[in-house]
Amino acid sequence: MLEKLVKAFMPAKKMIDMFTYKIVSNQPIEQIAQKVPEACEQYKFALLQTYVYHEIVESKGFPIKRKVYIYEICQAKTAAAMLTDYPHFSIFMPCKIAMYEENGSVVISTMNMEIMLNAVTSTPNLYKDATTLFSTLKTMMQSLSNN
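In this text the structure is predicted, and so the values were computed from the model without any measurement. (Residues numbered from 1 in each chain as written. Predicted model: local features only at pLDDT ≥ 70, side-chain atom pairs only at ≥ 80, totals over all residues. Heavy atoms only, no water.)

K.L.:
Where do I start with empty space enclosed by the protein in this structure?
P.N.:
Over the atoms a probe the size of a water molecule is rolled, and this reveals where empty space is left. Enumeration over the complete set of coordinates arrives at one cavity of 30 Å³ or more. As a volume, the largest cavity reaches approximately 220 Å³. As for the largest cavity, its lining consists of 16 residues, of which Met-82, Met-93, Cys-95, Met-113 and Leu-133 are closest to the centre. Ranked by the residues each element gives to the lining of the largest cavity, the list is headed by helix H5 (residues 76-85), at three residues. For the lining of the largest cavity, the per-class residue count stands at 14 nonpolar, two polar and no charged. (1 Å grid on protein atoms, 1.4 Å probe; cavity = no way out; pocket = protein on both sides within 12 Å on 5 of 7 lines; lining within 4 Å. Points joined across faces, edges and corners; volume = space filled by probe spheres on them. Helix = DSSP H or I, 4+ residues; strand = E, 2+ residues; numbered from the N terminus. Nonpolar A, V, L, I, M, F, W, Y, C, P; charged D, E, K, R; others polar.)

Structure (structure tokens):
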């Protein structure tokens, strides 16, 4: 019932926008991509995986006209606490940052965790750690977007 109401009153693009946190940068995407490993280290995220997605899909026979990078990152302490108390959150892990070219700019985006984190308010320390992680992630994304 609730799902039907949400679909009726919220177009798909609005839902995607609601669940996405994004920053726009005028820097070249390659310049931002080069800064990601150092930024992860500075902000205490482990960089688990880097996907140069436009190359991946091109190698499968589907070239695209924009560059897309996806990074899987993690703060293990918070991840372990989340998986201990809320294993169903594993579908949202690890944290991801996506960067892609759009209309002459670069969008740096991640999942907007604020809505999901309301589900863990009954575990105050975890909620605090997870909201701090999201705040740190947003700060890191902002630093990546700056020249």
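K.L.:
Even after reading the chapter, I still don't get helix H3 (residues 29-42), so can you show me in this structure?
P.N.:
Along an α-helix, a turn takes 3.6 residues, which lines up residues three or four apart on a common side. Under the 1.5 Å per step criterion, the end-to-end length of H3 is 20 Å for 14 residues, consistent within 8% with the ideal 20 Å. Maximal helix bending in H3 amounts to about 40°, located at Val-36; proline Pro-37 follows within four positions. Restricting attention to buried positions, one finds in H3 the residues Ile-29, Ile-32, Ala-33, Val-36, Ala-39 and Cys-40. At its buried positions, H3 is contacted by strand S1 (20-25), strand S2 (46-52), strand S3 (68-74), strand S4 (95-102), strand S5 (105-111) and helix H7 (124-145). Of the residues flanking the end of H3, it is Lys-44, one or two places downstream, whose phi is positive at about 65°. (Expected span 1.5 Å × (residues − 1). Bend = angle between axes of the 7 residues up to and from the residue. Buried < 20%, exposed > 50% of the residue type's maximum accessible area, 1.4 Å probe, protein only. Contact = heavy atoms within 4.5 Å.)

K.L.:
Which parts of the structure should I look at to understand the side chain of Gln-75?
P.N.:
Examined against the element boundaries, Gln-75 turns out to sit in the loop between S3 and H5. Within polar-contact distance, the side chain of Gln-75 engages the backbone oxygen of Tyr-43 at 3.3 Å. Residues in contact with Gln-75, not counting those within four places in the same chain, are Tyr-43, Lys-44, Phe-45, Leu-133 and Thr-136. (Polar contact = N/O pair within 3.5 Å; in protein donor to acceptor, adjacent residues only side chain to side chain.)

K.L.:
Looking at this structure, how should I read H7?
P.N.:
With 22 residues, H7 extends 32 Å between its outermost C-alpha atoms, agreeing within 8% with the 32 Å of an ideal straight helix rising 1.5 Å per residue. For H7, the set of buried residues is Leu-126, Ala-130, Leu-133, Phe-134, Leu-137, Met-140, Met-141, Leu-144 and Ser-145. Buried residues of H7 fall within an arc of 140° about the axis and therefore sit on the same side. In H7, those exposed residues whose orientation departs by more than 90 degrees from the buried face are Pro-124, Asn-125 and Lys-128. (Arc of directions from axis to C-beta.)

K.L.:
Help me understand unusual backbone geometry, please; the structure alone is not making it clear to me.
P.N.:
When glycine is set aside, most residues are seen to have a negative phi, and most peptide bonds are trans. Omega for the peptide link from Met-93 to Pro-94 comes to -10°, which places this bond in the cis form. Secondary-structure assignment places Pro-94 in the loop between H5 and S4.

K.L.:
Just to check I follow, could you spell out the layout of surface pockets for this structure?
P.N.:
In this structure, the largest pocket encloses a volume near 200 Å³. Surrounding the largest pocket, 14 residues form its lining, Phe-92, Pro-94, Lys-96, Thr-110 and Met-111 being those nearest its centre. Listed by contribution, the elements that provide at least two residues to the lining of the largest pocket are S4 and S5. No other element matches S4, which puts four residues into the lining of the largest pocket.

K.L.:
Mind showing me how you'd approach the packing of H3 against H7 here?
P.N.:
Angle between the axes and distance between the axes are the two parameters that describe a pair of packed helices. One way to put it is that H3 packs onto H7 with a least axis distance of 9 Å and a crossing angle of 140°. For the crossing formed where H3 meets H7, the hand is right-handed. Taking contact as the criterion, the partners of Ile-32, Lys-35, Val-36, Ala-39 and Cys-40 in H3 are, on H7, Met-140, Ser-143 and Leu-144. Grouping the constituent residues of the contact of H3 with H7 by class yields six nonpolar, one polar and one charged. (Axes fitted to C-alpha atoms, helices over the stretch in contact; angles between N-to-C directions. Left-handed = near helix turned anticlockwise from the far one by under 90°.)

K.L.:
Mind showing me how you'd approach the environment of Leu-48 here?
P.N.:
Locating Leu-48 in the fold gives a position in strand S2. For the pair Leu-48 and Pro-94, spaced 46 residues apart in the sequence, the C-alpha separation amounts to 8.5 Å. For Leu-48, the contacting residues outside a window of four places in its chain are Glu-72, Ile-73, Cys-74 and Pro-94.

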